[in-house]
Structure formats: structure tokens, C-alpha cells
Amino acid sequence: MAAPVSALTISHLPLLDGGEREIVQCTHSGSNDMEYIKWIVLGIAIAMYVLVILFQNKKVVFTTTAAMLVIILGMVFPDVIFTLPEDVLAQTGSAPLHLYAPLHAFQDIINWNVILIYLGSMVIAALFLYSKVPARIADSIIAHSRNTGLAIVAILAMTGIISIFVENVATVLVMAPIALALCKKIKISPVYFMIGLAVMSNLEGTATLVGDPPSMIFASYANYSFNDFFVHNGRLSIFFIIQSGMVAGCIFLYFFFAKNGKNKIEVEHEPVISWVPMILLLVMIFGLAAVSCIHTSFEYMSGLLVFALGLLGIFWYRVAQKKTGTETLMLIKELDWETIFFLLGIFVVIGAIKETGLLSDFANFLANITGGSKIAGFVIVLFVSIIISGFVDNVPYIIAMLPVAGGMAQTMGFHQELYLFALLVGSCLGGNLTPFGASANIVSMGILKKEGYPIKFSGWLKVGVPFTIVTTTVAALVLWLLWA
């Protein structure tokens, strides 16, 4: 039987900024017979997600295995799994395209800018925790609050503010000792205070480019700069949408905690070890804002900036703080490396799904079931995101659904931000719904158990459900008013 005839086709992939990316794809006359390959890729992805949900402690193994499987398939069927950019194709000459499938996955599908930002910001967050600056700020808040009810809400609000720039789990670890100490002084259970820390950190982690991995992934997909999180195309962006949810959340929490006392308490101010990590954090924030204003074709500038600041922080920790090599290595070892390798595998798998056309098919399906109704699509994206993220890690969900939500909006002919932001709001705030919806929730539960206050699923729901309903409803209304 004769081999299928190959042909090169050039297509243009539209980007959110209005530009296009030229894609060169090798197609076979027998490619219709290989349509089933994309369903194999989907099967691999579904199996990966199911195993990740069932065996959280082995999630990196499953994502790495799935990524290796789709790369192997890409080598065997380069015209079905992956499409090669023109510059890569030009380097191949007459060599078989399948030899360059791993290169394409490594070079184009994995977003190294996101990885570099996450690495650098994790180091800065760890040093910020070490510096004792957050504890000092919290002590000042307590000292200046008129009563304990306001002090609790102020600490929770501060938790949210820190989480804008620091990873959620690190934020909870920073604030937990303060919350526990305050609860002991006023003789109340720390259960709902610790839940409050988790839900506030999850809420505000969505507000900026450096707050949490979902925001970084969104920025990668939508080509958003640091400044675009505040204002995009002349409209208020996701930062202000999230702040509306935060205000609603603080009002809810005030009424929840107001009964815990009207008395003012005294605190002993904890000494600050160093203000250098605070300076690094501020340089990172303003540096990212400045980089956003620089128009360049170099796509790794923001990632390299944050990564360089992280390296500088490690050097400061080793030299200025006179830490041993073992102590420095321990700081590095305790970073969230699991999430880094988890992201690498997810990028490859979801990239393969996208390039086979499955996400476009799903976007068209969702657009069809909405009957062309903008508000129906909006509610579907928001509601489904809340429910799924209440039980499943929102990072793989965000990566999978961003092209779907964007494709739905594009198919229906309006601003993609309406559905993309709905996806962000629903998936990130929906993580507050249950104790398993976010890593910060699990950490809070672990701290409570260690302190002798184990919490049941129903106990979490008492705060998580109303908090999620209130904050998501308000944020969704503001989003609709700004972008519909």
C-alpha cells in the first residue's frame, strides 16, 4: 500500500492582541483516517486528571507520564498531535518532522516565562516569611483596632492583600501564628479564623500577575502584562473585579466575627529580622509594572526579572544573613517544586489537546448549547468553574478551559475577557467552597489538626459556602457591568 502523500500548509493562528502567528503544518492525504489519534490524546488527559484527583500525592508522576506519552505520539504522528512553527520547520531541512516534536513541546508549548516568575516569586515569598515583616504589620493592625472583631477582620483583609503578591500557602503560613495567638488571648476557637485566612488568600491570589499560578497561566494565554490586570483596553480589569469581591467578603466576615468581643487587646511587637525581603518584593512589583510598559519581542523579560530577584534574595540570605550552605539548600528544597513539575506536564498535555482541535470542538459545543445567549454562556462558565474548583485543583482546570472560554466568546462574537474573567473568578473563588478546593485550605486544616482543633467537612462549609456565594456573586455582577 502506498504511503500517504505529504503536503505543507500554512495557516494563521489569531492572538488576543490582534496579531497572528504563522503555523506550518504537514498534512497527509490519509489524515482523516487518523482522526482517532486526537481521541487517544483526550483519553490520556482524562486518565491523568482522574488519577491526579484520586492520588494527589502522586500527581507529578501522572502528569509527567501523560506528557511523555503525548510527546511520543507527537513523534509518531507529528502532523496530528503537534504543529511546528515556521522557524522550527526551516531548521529541519529534509529531516523527518517527528524528530522535532519534543523540541516543539519543550520550546513552544511549555511557558517558561510563567515557570520563571513562579520560581522567583516563591523564593521572595519564603524570604518575606523569614523576615517577620508580615507579623510586625499584623501586630500594628491589632494595636490600632478598636476591638477584637475589627482586629480579626483587619488581619483577614491583610491576609488578602499579602496574597496579591505572595503565593496563597505561604500567606497562610505567614498569618497563621498571628491568628492562633490572637485566638488564645481572647479565648475563642481558631477554627473559623483559620478558614477565613485560607478563603481570603484564595480570593486575592487572582488579582495580579504574581498572585497565584492561575493568574500567571491566564496572563500567558491572554498575553496580559502586569499592568493589564489593572486596566486593559481602557476598562477596569480583573484586579478591581476581585476587589469588589474582597469588600463583600470583609463585610460578611465582620458580621461573622463581630460576636467575638468588643474589647481591645494589647500585643507585643515582634522584632523584624530584616526589611530586605520587603524591598525585594516591592522591586518585583514595580519592576513587573515597568516591564509591562516596554514593548519588545523578547518574551522572557518579566520571568527573568523575577527569577534574578529570587537569586539575589538567596545570595542575600546566604551571605548577609550568614546562613550555612545546608540552611540555604534547605530554603531552596522547601520551595513548591511539586507545582513546578506539575505545571510542566500539564502545559504539554493541554498543549497537545489544543493543537489536535479538541478544545475548539468543545468551545463550539458549549456555544451551541447556550443558544447564542451571552448571559447563558456567562452563567455556565461561572457556575461550572465554581463547582469543579470546589473539588479539583484549579491549575489544570484553568489551563484546559482558558482556550474553551476564549473560543466560546470568539464564536459568539464579543469580548473574550467576559468569559475569561468569569472562568478566573469562578475557578479561584470556587476553591473556597470545600476544604479540598485549594492547597491553602488543606494547609489550614493541617494547622488546626496540629493545634488540637480537627475540622469536619461540614464545619468548613459553614464559612466556605456563604463566603463563596457572597464574593462570587458580587464579583460576577461587577464583571458583567464592566465587560458585557
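Look up a bit, the structure's there.
Here's a quick rundown of the structure.

What counts, and at which threshold
Residues numbered from 1 in each chain as written. Predicted model: local features only at pLDDT ≥ 70, side-chain atom pairs only at ≥ 80, totals over all residues. Heavy atoms only, no water. Helix = DSSP H or I, 4+ residues; strand = E, 2+ residues; numbered from the N terminus. Buried < 20%, exposed > 50% of the residue type's maximum accessible area, 1.4 Å probe, protein only. Contact = heavy atoms within 4.5 Å. Areas by Shrake-Rupley, 256 points an atom, 1.4 Å probe, with all protein chains shown as cover. Phe/Tyr/Trp six-rings, centres within 6.5 Å; stacked < 30°, edge-to-face > 60°. Core = buried A, V, L, I, M, F, W, Y, C linked by side-chain atoms within 4.5 Å. Expected span 1.5 Å × (residues − 1). Arc of directions from axis to C-beta. Patch = residues over 30% accessible without salt bridge, like charges linked within 9 Å, V, L, I, M, F, W, Y side chains within 5 Å. Salt bridge = Lys/Arg side-chain N within 4 Å of Asp/Glu carboxyl O.

## Some remarks on the overall build of the protein chain
And step 1. Scanning the protein chain from N- to C-terminus turns up 21 helices and five strands.
And step 2. The proportion of buried residues among the 484 residues of the protein chain is 55%.
And step 3. The long-range share in the protein chain, meaning contacts at least 24 apart out of those at least 6 apart in sequence, stands at 74%.
And step 4. Carbon together with sulfur atoms contributes 67% to the accessible area of the protein chain, which is approximately 21200 Å² in total.

## Observations concerning the packing of aromatic side chains
And step 1. By the definition in use, this model includes 15 aromatic pairs.
And step 2. Where tyrosine 224 meets phenylalanine 421, the ring centres are 6.3 Å apart and the plane angle is 85 degrees; that geometry is what we call edge-to-face. With tyrosine 224 in the loop between helix 10 (213-222) and strand 4 (231-232) and phenylalanine 421 in helix 19 (residues 416-430), the pair connects residues that are 197 residues apart, well separated along the chain. The residues tyrosine 224 and phenylalanine 421 share a single accessibility class, namely buried.
And step 3. Considering the side-chain rings of phenylalanine 414 and tyrosine 419, the 5.0 Å spacing of their centres and the 80 degrees angle between planes classify their relative orientation as edge-to-face.
And step 4. Using a relative accessible area of 18% as the deciding quantity, one classes phenylalanine 414 as buried.
And step 5. Put simply, the rings of Phe218, Tyr224, Phe229, Phe421 and Trp483 touch in pairs and so form one group of aromatic residues.

## Looking at the nonpolar core
And step 1. Ranked by size, the top nonpolar core spans 148 residues in total, and within it Met175, Phe193, Met194, Phe218 and Tyr419 carry the most contacts.
And step 2. Dropping the residues within four chain positions of it, tyrosine 419 is found in contact with Ser373, Lys374, Gly377, Phe378, Val381, Ala405, Met408, Ala409, Met412 and Phe414.

## Remarks on unusual backbone geometry
Peptide bonds are mostly trans, and most non-glycine residues show a negative phi.
And step 1. One non-glycine residue with positive phi stands out, namely lysine 132, at about 70 degrees.
And step 2. In the Ramachandran plot, asparagine 223 falls in the positive-phi region, its phi being about 60 degrees despite a non-glycine side chain.
And step 3. Take asparagine 223: it is sitting in the loop between helix 10 and strand 4.

## Regarding helix 20 (residues 439-450)
And step 1. With twelve residues, helix 20 extends 17 Å between its outermost C-alpha atoms, agreeing within 8% with the 16 Å of an ideal straight helix rising 1.5 Å per residue.
And step 2. Those residues of helix 20 that sit buried are Ala440, Asn441, Ser444, Met445, Ile447 and Leu448. Looking down the long axis of helix 20, one finds its buried residues gathered within 160 degrees of arc, a one-sided arrangement. Of the residues in helix 20, the exposed ones pointing more than 90 degrees away from the buried face are Lys449 and Lys450.
And step 3. Just past helix 20, the residue glycine 452 takes up positive phi, approximately 90 degrees.

## Let's talk about a nonpolar patch on the surface
And step 1. Taken together, the side chains of Ile375, Val379, Phe383, Val384, Ile387, Ile388, Phe391, Phe436, Ile442 and Phe457 present a nonpolar region at the surface, about 900 Å² in accessible area.
And step 2. Tracing the sequence through the fold places isoleucine 442 in helix 20.

Functional significance is not addressed by these values, which are geometric in nature.
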